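Chain residues, written in single-letter form:
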Amino acid sequence: MRILLALAALRSHRVRTALAVLGVAVAAAMLLCMVMLSAGLRESFRELLLARGFQLRLSPRGTLPFDTEATISDASTIVQTLAAQPDVVTVSAVLGAQLHVEQGGEGVTTFALGVNPAAQGDYELLEGRDAKAPDALVANDAFLAAAGARVGDTLTFAAGYDPQLRSFSGERTMVVSGRARFLYLASGQSAVALELRVLQDMTGRAGSDEVSLFMVRLRDGADVEAVRAWIQEHVPRVDAISTAEAMQRVDERLSYFRQLGFILGAVSLIVGFLLVTTLMTVSVNERLGEIAVMRAMGVSRLHVIHQILLEGLAMSLAGGIAGLGLGLVTARYLNSILSAFPGLPEAIDFFLFQPRSAWTALGLLVLVGVAAGIYPSWRAATLPIAGALHEEAVA
Amino acid sequence: MLLAALPLFFALQAQLRTVAVGADLAADAGIAVGDTVVISARPPAGVGEEGVPGGRADWPVDSVVVSAIVERRADPSEIARNDYRVRLHLDQLERLVGYGNRVDRFAVGTFDSAATEQALRSIEDAAFGFQAHRSRDIAAETSTTFAVVSRFHRAIGVITIVASAVFLLCILLLKVEERRRGMGALRLIGLSRRTVFSTVVIEAAFVSVLGSALGVLVGWAASAAVNAYYQSFYRTPLRFSIVTADIVLFAVLLSLVLGVVAGAVAALRLVRAPPLELIGR
Amino acid sequence: MTPLLGARDLRRDYRMGRRGEVVQAVRGVSLEVPRGDYLAIVGPSGSGKSSLLNLLGAIDTPDAGELSIAGRNVVGMSDRELTDFRLRNIGFVFQRFYLLPVLTARENVELPMAEAGVPRAVRRARASELLAYVGLAPREHHRPTQLSGGEQQRVAIARALANRPALLLADEPTGELDARTGEEIIELFGRLNADGTTLVVVTHDEELASAARRVIHMKDGVIVVPREESPTRRIERE
């Protein structure tokens, strides 16, 4: 009976109820977006880091991977040291540099990764052959478009380019053996990958055996933190960063968005709360006579409270469900704005939908709906019956 | 003897070179102006010993005097960086890190914009292997991040305004509906539809202006709180939020427009209903 | 025989206005209502008759005095006890009907039974029965806005009888009705009383007052003319 009464009361003022549900829906949409923002970046980044199964990344001390131009020298010695750790399955050394290709009289500059193709975790081969020969490299679509090249073409790459003299240095002829998708690069960023030794040679780093980064894959079930600590002790020139720590560091860099998400989410809840509580208070004020008669009839205070709380809850639930769809659309729009961040890997999403996000948002709305009904329901339940009847008669 | 050693001590101090350290480093490490510190490019904790991969046994080590503590710039690009900054004399840094006679860039100051253009051309004509860039061109290139953030903020702002508009409309409709009986009674005693309509709209306008004035105060306080928090969190003098006169004016005007529209919609519903229906008969 | 309702020296004051002036609405009223009685309380506006009715119906608490209904002392009961007592022992009918507009006539009648925990099938059947008793069987699925004033008052009476109360209290039940409709309600009250329902009504309506077995007159918070029988009833009886 109480549910019937609650729904009937809401239906009896359609416009008012519809507006209130719309208001709650907008608040719910914003809340869902902010919950997705808080969780999305972390989850998205974590999935990206673990995409190829490498749990640890070693970068020059005090830097994040590819954050600066700093390098690690004596890479081979470090690889040997790491290989002695029983939990280490694969070590992939990576060097980052810039290469240039002449195109139409101008130099086309591209980001280049020097890798061990047999043990790399930076790209997925889409077409052709991997860069397993000294004169072979793979390229992404952005580079192929910029250079006007195709798989199978032979191009001359240079490590140095003087824009004034328009001259190249450190040149080497390479064949584009395959087309690849680079996992950690921003969309539209031009990139190629070739053998590590070849890139070291071209950039004059062969002597010092420099690399930018090591990626380390551990055996299943290995204690990542224990291995990290071992590496830190035995290779103190590097920072060993686990997936969790990498996420934490990125979190710190982008903590602003998480906090913004929290603040806006809280504001959405407050707005939703105010809306529902105002509507319920007005609704109760209009029905004081009815409520007084119900109390006179013998309806208990508790049941009056239930009644009013049900109405607030129904409104919040309806608004929450309506806001779900609106929230997903809004999140997609906001994600498209933030995806334009320079240097952000294409695979990263700021707003990642997980069912948990929806349940969290809905749960919070339910709590708010109940809380919003507390004052009006208390008011209704503690109404002095005779006084209310008298005032209604006078009115 | 101690007194005799003092001049020697001060003479030695005078020979030490000076550095400026960042305020956050000074606070965290307990460094004050006048302190003597040891600097090196050597990584900490046992490196530099023989047999350790990549270690150098001969990293240069210098003692320097802290001559200044430098506050962070209000540079948005630095807010998320937790690294400490130390400023040294160029030749000293080159020696410490083993760069040789190398730098990352030159910064060139000119008298005016005409001089900037002339200097740009001269440098590009005369120098090989590097390019000269106007500062504003670099700023434009590196401001992409903030363009993205600005767009994001604007989108959030629009969404918030839409939500506020719906909320305002809902609340005003409710408040006007609450006064149905009173308005019905006024109509019954002879007040015209126009009078009732304008009464409701004027009331809505007042509520909107008063509410927006309160909102400006709350917004100003929130802005101050945001700045205080983030300046402390990121250890930066950067201002994250500002409340300007045109922002206030925009907010108040928008509230007024929304309030008047909401009041008009609510008033229309009221004046269209027969007075007897309004008083519940 | 123990009266169904016994009130002794009931008092009720109200504080009114900004200065909190005290109005003595009920000043030391004592009365007894035997089971099966039909009592009318009449008096000018402000005489305290509605305030007295509120006290008799346990929807207001006296500042002093004793009140027993159906053998139970209601003064001093907690709110929960009073609420439950009203639910099972007292029915109310008001001038303004106070039907819930979102429910049908039958659902309005079911409401007190639902509160008392009566199973759905049972309360539906009884609600239909009560509506038939008051002459509204064909209208049980109509909402209050689709009913006339008299029909709404009949539904309110049916609702008041839902839990078979020992006592039915009515405050100006014909106040918002035209004369003809009022007569129908008066006739219904007579039928109720003849069927054994104890009635106490507060009214300005002379017709209604004269239909009662007993009439008491109130003025300034006290019973002024305790009449045992109205002249009409005495003649009928004789």
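Remember, predicted model here, so these are calculated numbers, not experimental data. (Residues numbered from 1 in each chain as written. Chains lettered and ligands numbered in written order. Predicted model: local features only at pLDDT ≥ 70, side-chain atom pairs only at ≥ 80, totals over all residues.)

Undergrad: Now, about the overall build of chain B: what can you tell me, with residues and values included?
TA: Per the secondary structure count, chain B includes 10 helices and 4 strands. Helices and strands appear in chain B in the N-to-C order α-β-α-β-β-β-α-α-α-α-α-α-α-α. Relative to its 281 residues, chain B shows a buried fraction of 14%. The contacts in chain B between residues at least 6 apart in sequence include a share of 73% that link residues at least 24 apart. (Helix = DSSP H or I, 4+ residues; strand = E, 2+ residues; numbered from the N terminus. Buried ≥ 20, exposed ≤ 12 C-beta atoms within 10 Å, placed from the backbone. Contact = placed C-beta atoms within 7 Å.)

Undergrad: Help me get a handle on the sheet that holds strand 3 (residues 61-70) of chain B, residues and values and all.
TA: Residues and elements named next belong to chain B. Pairing within the open sheet is mixed, and its 4 strands lie in the order 2-3-1-4. Either end of the sheet is taken by a strand with one partner, and the two such strands are strand 2 (36-40) and strand 4 (86-87). Here strand 2 runs beside strand 3; their pairing, made up of 5 bridges, is antiparallel. Residue pairing across strands places Ser40 opposite Val61, the latter belonging to strand 3. (Pairing = 2+ DSSP bridges.)

Undergrad: Any details on the nonpolar core? Residues and values, ideally.
TA: With 164 residues, the main nonpolar core has Leu31 and Cys33 of chain A, Cys170 of chain B together with Ile41 and Val200 of chain C as its most contacted residues. Looking at this core, the element that brings in the most residues is helix 2 (residues 14-49) of chain A, giving 21 residues. When near neighbours in sequence (up to four residues on either side) are disregarded, Ile41 of chain C contacts Lys49, Leu52, Leu53, Val200, Val202, Ile216 and Met218 of chain C. Judged by nonpolar contacts, the second largest core, of 55 residues, contains Leu99, Ala191, Met202 and Leu218 of chain A. (Core = buried A, V, L, I, M, F, W, Y, C linked by C-beta atoms within 7 Å.)

Undergrad: I'd like to hear about the domain arrangement of chain B, residue by residue, with values.
TA: For chain B, the assigned domains are domain 1 (12-42 + 55-97), domain 2 (107-141) and domain 3 (168-278). One C-alpha centre belongs to domain 2 of chain B, the other to domain 3 of chain B; they are set 53 Å apart. (Domains from an automatic or database assignment.)

Undergrad: Summarise the confidence of the model for chain B; cite the residues concerned and give the values.
TA: In this model, chain B carries a mean pLDDT of 80, and residues with pLDDT of at least 70 account for 83%. Here residues 46-55 of chain B is a poorly scored stretch, pLDDT under 50, and it has 26 contacts once near neighbours within four places are set aside; other chains count. (pLDDT = per-residue confidence, 0-100.)

Undergrad: Can you explain helix 6 (residues 179-194) of chain C? Please cite residues and give values.
TA: Residues and elements named next belong to chain C. Along its 16 residues, helix 6 runs 22 Å from first to last C-alpha, staying within 8% of the 22 Å computed at 1.5 Å per residue. Taken together, the buried positions of helix 6 are Gly182, Ile185, Ile186, Phe189 and Leu192. Buried residues along helix 6 cover an arc of 115 degrees about the axis, so they all sit on one side. Opposite its buried face, helix 6 presents the exposed residues Arg180, Glu187, Arg191 and Ala194, each directed more than 90 degrees away. The inward-facing, buried residues of helix 6 abut helix 5 (149-160), strand 7 (167-171), strand 8 (198-202) and helix 7 (206-211). Directly beyond the C-terminal end of helix 6, a positive phi value near 110 degrees is found at Gly196. (Expected span 1.5 Å × (residues − 1). Arc of directions from axis to C-beta.)

Undergrad: Describe the arrangement of the chains, with residues and values.
TA: Out of 2 pairs of chains that touch, the pair holding the most contacts is chains A and B. The least C-alpha distance between chain B and chain C, which are not in contact, is 10 Å.

Undergrad: Which residues make up the packing of helix 8 (residues 255-286) of chain A against helix 10 (residues 301-338) of chain A, and what values go with them?
TA: Residues and elements named next belong to chain A. The contact between helix 8 and helix 10 brings their axes to 10 Å, and the two run at 140 degrees. By the angle class used here, helix 8 and helix 10 are oblique. Where helix 8 crosses over helix 10, the handedness of that crossing is right-handed. On helix 10, the residues that touch Gly272, Val276, Met280 and Val284 of helix 8 are Ile308, Glu311, Gly312, Met315 and Ser316. The class makeup of the residues in the contact of helix 8 with helix 10 is 5 nonpolar, 3 polar and 1 charged. (Axes fitted to C-alpha atoms, helices over the stretch in contact; angles between N-to-C directions. Parallel < 35°, antiparallel > 145°, perpendicular 65-115°, else oblique. Left-handed = near helix turned anticlockwise from the far one by under 90°. Nonpolar A, V, L, I, M, F, W, Y, C, P; charged D, E, K, R; others polar.)

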